[in-house]
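# A structural walkthrough
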Amino acid sequence: MRWSITKVEQMTSIRFETIKKHLNAAASLNIIFILSTISTSSLEEIVAAAPKGRKWFQLYVYKDREVSKNLIRRAEKCGFEALVLTVDAPLFGKRRANIRNQFTLPKHLRMANFEAGTENSEGLAVSKKGGSALNDYIDQLIDRNLTWEDVDWLKKTTRLPIVIKGILTAEDARLCVQHGAAAVFVSNHGGRQLDTVNATIDVLEEIVHAVDGRCEVYLDGGVSCGSDVFKVLALGANMVFAGRPFLWGLTVGGEAGSKKILQILRDELDLTMALTGVVKISDISRNYVIRASSL
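Where helix α10 (residues 226–234) contacts helix α11 (residues 244–276), the two axes come as close as 7 Å, and the packing angle between them is 60°. Regarding the angle of α10 to α11, the classification is oblique. Seen from above, α10 lies across α11 with right-handed handedness. Judged by residue contacts, G226, S227, V229 and F230 of α10 engage L265, E268, L269, T272, M273 and T276 from α11. Each residue belonging to the contact of α10 with α11 can be placed in one class, and the counts come to five nonpolar, four polar and one charged.

Under the criterion given, the structure shown has 10 aromatic pairs. Note on F185 and F241: the rings are 4.3 Å apart at their centroids and 45° apart in plane angle, and the pair reads as tilted. Here the residue F185 occupies a position in strand β6 (residues 183–186), and F241 occupies one in strand β8 (residues 239–242), the gap between them amounting to 56 residues. Like F241, F185 is buried. Considering the side-chain rings of F230 and Y288, the 6.0 Å spacing of their centres and the 80° angle between planes classify their relative orientation as edge-to-face. Of the two residues, F230 is situated in helix α10 and Y288 in the segment after α11; the sequence distance between them amounts to 58 residues. Judged by relative accessible area, Y288 falls into the partly exposed class, the value being 37%. Positioned above the aromatic ring of W153, the side-chain terminus of R65 is 4.9 Å from the ring centre. Positioned above the aromatic ring of F92 is the side chain of R95, whose terminal nitrogen or guanidinium carbon lies 4.1 Å from the ring centre.

Before going further, it helps to examine the environment of R100. Position of R100 among the secondary structure elements: in helix α4 (residues 96–100). On the basis of relative accessible area, R100 is assigned to the exposed category, the value being 61%. Expressed as a C-alpha distance, the spacing of R100 and N238, which sit 138 residues apart in the sequence, is 39 Å.

Analysis parameters
Residues numbered from 1 in each chain as written. Predicted model: local features only at pLDDT ≥ 70, side-chain atom pairs only at ≥ 80, totals over all residues. Heavy atoms only, no water. Axes fitted to C-alpha atoms, helices over the stretch in contact; angles between N-to-C directions. Helix = DSSP H or I, 4+ residues; strand = E, 2+ residues; numbered from the N terminus. Parallel < 35°, antiparallel > 145°, perpendicular 65-115°, else oblique. Left-handed = near helix turned anticlockwise from the far one by under 90°. Contact = heavy atoms within 4.5 Å. Nonpolar A, V, L, I, M, F, W, Y, C, P; charged D, E, K, R; others polar. Phe/Tyr/Trp six-rings, centres within 6.5 Å; stacked < 30°, edge-to-face > 60°. Buried < 20%, exposed > 50% of the residue type's maximum accessible area, 1.4 Å probe, protein only. Lys NZ or Arg CZ within 6 Å of the ring centre and 35° of its normal.

What follows is the structure in structure tokens.
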């Protein structure tokens, strides 16, 4: 049943033991887990913790392309099934709480996908500009000049399917298809990049139409209950991602809490299908949803 996928794109300040609990919860229900480039747990640790779990790797492209190539090779070797290329973060948005609190990683944590002691690994330990160390890290190390030619480069670099994440327009969705993306990931980065940007569900349908079946379409952003999953599928997405609800579950109940969130979403989706008379996921269609503004 392809109804919901958990996402842990930015677990930069969480212990491995906690990530492992979330990973095990996902694996127990055959749910895909996405690991961030700048996670505090490495590719190898994730595979060792859940060797049979389904895993994708979220990729930031570094200014030093050899760094990115090394990450890709390790992801391939570790059995990750896809690369999720984030394209909506050439810079990080003005996250005022992080700036105000001068966010840094706790001393016992580092970017585990890189060699200890290097700037790539330790870059979140201190804020060099007196604000958020996370913004400083992105500014200094991540390539802000990506173009569609870089997607072509990535296609030549890896044998893994490429999912392009951060798409909000039909025009960009068509370009994703032209450059060989396996899937378009409709996302506004949790609403943390640009204030007042469109909600992902508001742009989903035009992107589905633009893609016209030539690749898959995924969505995250604002998914907090099973009826949300139903609406997203009805508007044409192939899969639905969520992140925050699982962190809430982990906070309250550890691995059992994360599993409970997954089960709640599944039960709510099942109930929504039952109450709308839908027997199979494949039967969910546009006929079951309507915009409130059209009433």
